[in-house]
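# Chain and residue survey
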Amino acid sequence: MPVRKLGFDVMAARLGAAAVLLAAIAGGALPATAAAACSSRTPPDPRVPIWQRAIGFPLGSRAATDRQIDRYMTAVAQASGRVRLVTAGASAQGRPIRYAIAGEAANVAPARLNALAARMRAARDGRLSAQAVRTLAAGSPLFAWIGGSVHGNEPSGGDADMRLLYRLAAGRTCADLARIRRLVTFVLPLQNPDGRALGTHVDAARFDLNRDWFAQTQPETRAKLAALERYPPVVFADQHEDAGSGFFFPPNADPIHHEVSPQALAAIDGVIAPRLRAAFAARHVAYVNYQTYDLFFMGYGDTVPSTLFGAAGMTFEKGAQAAYPAKVADHFLAADTTLTAAADHRRRLLLAWGQQWGQAIVQGAAGELQPNHVVQPGDHVRFEVPSTRVYGYAIRTDLHGADAEALVHRLIGVGVHVQRLTQPAAVPALHPYGGAPTAATLPAGTFIVSMRQAAKHWVQAMLGSDPYVALPYFYDVSSWSNPLLMGLDGGALEAPLNLPAGELTAVAASDHPTEPAAGAGGYTFAGGSEAAAELAFALLRDGVAVSRTGDGGFMTASSATVTAAAAARRVALRPLDAVPAGAAALRRPAVAVLGDTGGDDAPGDLSAGWARWLLGARDGLATTEITESDVLAGRLDRYQALVVPDGTTSASQLSVGALAGIQAWVRAGGTLIGWRGRGLAVAQAAGVTAVREAPTPAGLQVPGAELRVAFDDSDPVALGEEPEGYAFNTGDPVLAANGARVVAAYPTGARFFVSGYTTGTGALQGTAAATDEVVGAGRVVLFAFDPAFRGYTDGTERLVANALLAPAPPAAGRGAARAARPLDPAALAGAPAPARDATVQVASADEGGLLRAAHAAGVPRGFTLDRDLTAVTLRVPNPRGLAAEDRPWTLRLPSALAAQGVRPLLAVF
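Residues numbered from 1 in each chain as written. Predicted model: local features only at pLDDT ≥ 70, side-chain atom pairs only at ≥ 80, totals over all residues. Heavy atoms only, no water.

## Some thoughts on the packing of aromatic side chains
Any two aromatic rings considered together are summarised by their centre-to-centre distance and by the angle between their planes. Selection rule: Note on aromatic contacts: the rings of Phe and Tyr and the six-membered ring of Trp form a pair at centre separations within 6.5 Å, being stacked when their planes are under 30 degrees apart, edge-to-face when over 60 apart, and tilted otherwise. With a 1.4 Å probe rolled over the protein chains alone, any residue whose accessible area is under 20% of its type maximum counts as buried; one over 50% counts as exposed, and the rest are partly exposed. Whether a charge sits over a ring depends on NZ of Lys or CZ of Arg being within 6 Å of the ring centre and within 35 degrees of the ring normal.
The full count for this structure, using the stated rule, is 38 aromatic pairs. Relative to Tyr 792, the ring of Phe 789 has its centre 5.9 Å away and its plane inclined at 70 degrees; by these criteria the two rings are edge-to-face. A relative accessible area of 8% means that Phe 789 is categorised as buried. The side chain of Arg 62 reaches across the aromatic face of Phe 57, ending 3.7 Å from its centre.

In structure tokens form, the structure reads like this:
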């Protein structure tokens, strides 16, 4: 939609400071008395300390520590009535997460700020009338957020924020005073204080916080979102560093998620981006737009503010190869210019921001999904959003109920309204996840998430079965449907749900499943949810006896410990009158994780971090990292389970002696659980699996998608699951089971289902996704995929719990695995790298242009070209597992291709 149609006028970008000031006085935005007391040369407030005076060295001369930033923020807040310092929470290692609130003293005073925030929340919730929105736009300051150091080894943004904070606190020029009056600015310089202190890209748990926004696995993310909920942003800038030396700011690369509102896009591309271009050009600072950084995946610090909060969400990237003072200066320039543009367009930005919520309600009531569109010159929409109307989503609770509760309360926590059926309801058109539309009867207790609400855009982005990418360009993953990630039942309501009063009731954040009186045998609770597994592990930790039945359910005694632990996890308890025959008592396993020496921030390190988080933070199991020397010393005998996450094997070879030790341990009764390339390689090298990696089919490309899997629910690893679920595939190894029992397989025929963009996945049909082998008295469970990917795949995380709780293999099944297999150390060297290679596919006629562009962009040697009748595919290995922003050529290749007139058919970085 053209910017002009949304009522934005970018002419203010051409006005000088004096003209802006005069316009503000004329419009009543700034009192004439304030103008009379200022000039363009008014010196800063001397009571506010500069950085060097407070900390002892020039700001930007070197990276500051997290403590120095915290100390300076405290000093500024103590010296200036314009600044308040707020603690949002604490990091995993206990470091404070603080943000400064800067604005006119009257506006940041608690009572006034609370009133302003309440009006902003009411607008975002769609509770303000059209007139009230106009009143808000006319008289309220705009809330703008600047966030730094979400990646701890990208510190320059956080340092620049200290210069920005000084100007907000001490500036007394006319332009400073105008901005202070029109904005309330929230400065969050340390989104990842642990990573800043450790010098790592990720947080202390090895999670990339710029991929955690919707999953909220980490305390830093939850604290940040709670602060944004309290003070909804109209502008949010997320500061980063990347390869090279230039600067990136929007417009973004395509694709743009179709549910980003036109108002948010207009604010980004039509108001702020032109001002940034002018400011950077005036200072002769190199910058790029439209490259690499899309606005598609709902895990970033730009897409989530844009979609969930309707803000102008923006990523700023400064090249890490620049000198540090230049990095700090350029980040300050971008942040300062953004705030100036927001202040100059305060009324119009606020008006559009407030109006979008009512428009979202109207769209949702009509069941309308927004269409796909592109913003990058030369691009065109290749895939349209379906014209099907969606009026809401149903999430059933009769299966996987505790995980459904977890998803719903996560939605409620960010402002989504959810209702629950009080009795069964017939729906005329339910489109089940992975199925065809049909009439259906939903059971009582089913959650209903209507699209007729202000959060409609976020509801669709989270609950839709597919994000409907406009064109196949992927900087990250191609799908993230929360119900599929969590293995839940339900689907889209493709007709309005008109029910009598009383058949739907609102769900509150404080709601928990009703606690019934215990039966004579205590309590039982359903399996088939990650939350239920967590409860079982917690009770075993506390010395409470837990048993499990053949259908996957759990049984336990009646006690205050049980009811409190169940309530904390929203697990529904049911009275148990009698213990059924055949129930097996459970034990809490001692778990070891095989260490990976690949190094911090490598993809394998991330996989190990996700595994340790799942086992420790979620399942409450004490885990120990063991190495080759531990295995050789016999320390593996202390554990019942060994988890081998994905990672590097070439840098952490296991000796023949260690491999023999692992085999002996498994055959004596241990459980080895491994995933992706490294898990398979270690099991194969230790001679404890018949599974092998099959050759990758030609044309197979899976840039992060959810694929349906069929479960063998008679196997203990799939206990409590339905016949089908979903696995998140990120270009995983293709497995050949070779006689191993297949726990999960990609189905064949019409049941094969993909959420997200893929190519060539038909070759996966019928192949194994997970296996369970009896090896002597032990078992080996292997996953082709990472079951704990980023901590947001609850639907497969619970399979890991099942594997840990699985009983010893029956003696009758051990005969086939009696003979020991030979060791195969060569399997370690042949394991695939955990990171995906870069792939760019173009039409065959464009091969020459592709090669010229690759040369111009500096694509490293070692790439390959795959040709077929219609296309040529460039594949660039990524053995070190670097992110796209850490490979400079990935930033240059899109523009180099455009210069050659080549439009990729597929790009995966």
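Next comes the rest of the write-up.
## Description of the sheet that holds strand 22 (residues 574-576)
Keep this limit in mind: In this scheme, strands are said to pair when DSSP sees at least two bridges between them. Only runs of H or I of at least four residues qualify as helices and only runs of E of at least two qualify as strands under DSSP, and these elements are numbered from the N terminus. Working rule for contacts: check all heavy atoms of both residues, and any pair within 4.5 Å makes them a contact. Simply put, an axis is a line fit to the C-alpha atoms, just over the touching stretch for a helix, and the angle between two N-to-C directions goes from 0 to 180 degrees.
Taken in spatial order, the five strands make up an open sheet running 22-19-21-20-23, and their pairing is antiparallel. Two strands in the sheet have a free side with no partner beyond their single neighbour: strand 22 and strand 23 (584-585). Examined bridge by bridge, strand 20 (residues 546-548) and strand 21 (residues 554-556) share three bridges and lie antiparallel to one another. Bridging across to strand 21, Val 546 finds its partner in Thr 556. Those strands touched by helix 19 (residues 530-541) are strand 19 (522-525), strand 20 and strand 21, and its axis lies near 145 degrees from that of strand 19.

## A closer look at the pattern of salt bridges
Defined as follows: Whenever a carboxyl oxygen of Asp or Glu lies within 4 Å of a side-chain nitrogen of Lys or Arg, that contact is scored as a salt bridge.
Enumeration over the complete set of coordinates arrives at 41 salt bridges. With its nearest N and O atoms 2.5 Å apart, the salt bridge here joins Arg 196 to Asp 159. Placement of the pair is Arg 196 in helix 10 (residues 193-198) and Asp 159 in helix 8 (residues 156-170), with a sequence separation of 37 residues. Between Glu 724 and Arg 708 there is a salt bridge; the shortest N-O distance is 3.3 Å. One end of the pair, Glu 724, is in strand 30 (residues 724-729); the other, Arg 708, is in strand 29 (residues 705-711), with 16 residues separating them in the sequence. Looking at Arg 708, the relative accessible area reads 2%, which means it is buried. Linked through salt bridges whose partners overlap, the residues forming this network are Arg 167, Asp 176, Arg 179 and Asp 336.

## What about the nonpolar core?
Keep this limit in mind: By nonpolar core we mean a set of buried residues, namely Ala, Val, Leu, Ile, Met, Phe, Trp, Tyr and Cys, connected to one another through side-chain atoms within 4.5 Å.
Phe 214, Trp 458, Leu 463 and Phe 783 are the most contacted members of the largest nonpolar core, which has 225 residues in total. Residue contributions to this core peak at 10 residues, all from helix 14 (residues 324-344). Not counting residues up to four positions away in its chain, the partners in contact with Leu 463 are Tyr 393, Ile 395, Leu 407, Leu 411, Tyr 433, Val 449, Ser 481 and Pro 483. With 34 residues, the next largest nonpolar core counts Tyr 639, Val 644, Leu 654 and Leu 828 among its residues.

## Side note on the layout of surface pockets
Stated precisely, the cut-off is as follows: A 1.4 Å probe that fits into a set of points on a 1 Å grid over the protein atoms alone but cannot get out defines a cavity; an open set with protein on both sides within 12 Å along at least five of seven lines defines a pocket, and lining residues are those with an atom within 4 Å of a point. Grid points are joined across faces, edges and corners, and a volume is the space filled by probe spheres set on the points. Three residue categories are used. Nonpolar comprises Ala, Val, Leu, Ile, Met, Phe, Trp, Tyr, Cys and Pro, charged comprises Asp, Glu, Lys and Arg, and polar comprises the others, including Gly.
Empty space within the second largest pocket amounts to approximately 750 Å³. In this structure, the second largest pocket is lined by 28 residues; those nearest its centre are Ala 215, Gln 216, Arg 222, Ala 406 and Arg 618. Among the secondary structure elements, those contributing two or more residues to the lining of the second largest pocket are helix 11 (219-230), helix 16 (401-412), helix 19 and helix 21 (603-618). Sort the elements by how many residues they give to the lining of the second largest pocket and helix 11 lands first, with five residues. Here the residues of the lining of the second largest pocket are counted per class, giving 14 nonpolar, six polar and eight charged.

## Thoughts on helix 23 (residues 656-667)
This is how it is decided: Working rule for helices: expected span equals 1.5 Å times residues minus one. The directions considered for the arc are those from the helix axis to the C-beta atoms.
Compared with the 16 Å implied by 1.5 Å per residue over 12 residues, the 17 Å span of helix 23 between its first and last C-alpha is a close match. For helix 23, the complete set of buried residues consists of Ala 658, Leu 659, Ile 662, Gln 663, Trp 665 and Val 666. In an axial view of helix 23, the angular spread of the buried residues amounts to 165 degrees, which keeps them on one side of the axis. For helix 23, the secondary structure elements touched by its buried residues are helix 22 (628-632), strand 26 (641-644), strand 27 (671-675), helix 24 (676-685), strand 34 (768-775) and strand 35 (778-783). Count one or two residues on from helix 23 and you reach Gly 669, which has phi positive near 130 degrees.

## Thoughts on the state of the cysteines
Put simply, the rule reads: Disulfides are defined in this document as cysteine sulfur pairs within 2.5 Å.
One pass over the full model with this rule turns up one disulfide. Linked covalently through their sulfurs, Cys 38 and Cys 174 form a disulfide whose S-S length is 2.1 Å. On the S-S bond that ties Cys 38 to Cys 174, the torsion sits near 105 degrees, and the link is right-handed. In this pair, Cys 38 sits in the loop between helix 2 (32-36) and helix 3 (51-55) while Cys 174 sits in helix 9 (residues 174-182), placing the two residues 136 residues apart along the sequence.

## Observations regarding unusual backbone geometry
Leaving glycine aside, a negative phi is the common case for residues, and trans is the common case for peptide bonds. With an omega dihedral of 10 degrees, the bond running from Pro 250 to Pro 251 counts as a cis peptide bond. For the bond running from Asp 254 to Pro 255, omega is 10 degrees, close enough to zero to count as cis. Relative to the helices and strands, Pro 255 is located in strand 7 (residues 253-256). Even without a glycine there, the phi angle at Thr 292 is positive, about 70 degrees. Looking at the secondary structure, you find Thr 292 in the loop between strand 8 (287-288) and strand 9 (294-295).

## Side note on the sheet that holds strand 38 (residues 871-876)
Strand order in the open sheet made by the five strands is 16-39-36-38-37, with mixed pairing throughout. Lying at the two open borders of the sheet, with one neighbouring strand each, are strand 16 (473-474) and strand 37 (864-867). Bridge count for strand 16 against strand 39 (residues 906-908) is two bridges, and the pairing is parallel. From the neighbouring strand, Tyr 473 faces strand 39, where its bridge partner is Ala 907.

## Observations regarding the pairing of strand 3 (residues 142-147)
Taken across its six residues, strand 3 has six buried, putting it largely inside the fold. Across the two faces of strand 3 the burial is the same, with Leu 142, Ala 144 and Ile 146 and Phe 143, Trp 145 and Gly 147 all buried. For strand 3 and strand 4 (residues 183-188), the ladder comprises six bridges, and the chain directions are parallel. Following the sheet pairing, Ile 146 is matched in strand 4 by Val 187. Across four bridges, strand 3 lies against strand 5 (residues 235-242) in parallel orientation. Looking at strand 5, one finds that Ala 144 is bridged to Val 235.

## Describing empty space enclosed by the protein
Scanning all chains against the criterion turns up eight cavities of 30 Å³ or more. Looking at the largest cavity, its volume works out to about 80 Å³. If you trace the largest cavity, you find it lined by His 151, Asn 210, Arg 211, His 240, Tyr 293, Asp 294, Tyr 300, Asp 302, Thr 315, Glu 317, Tyr 475 and Glu 885. Taken together, the residues of the lining of the largest cavity break down into three nonpolar, four polar and five charged. Its volume calculated, the second largest cavity comes out at about 50 Å³. If you trace the second largest cavity, you find it lined by Gly 528, Ser 529, Ala 533, Arg 548, Phe 554, Leu 719, Glu 721, Arg 798, Ala 801, Asn 802 and Leu 805.

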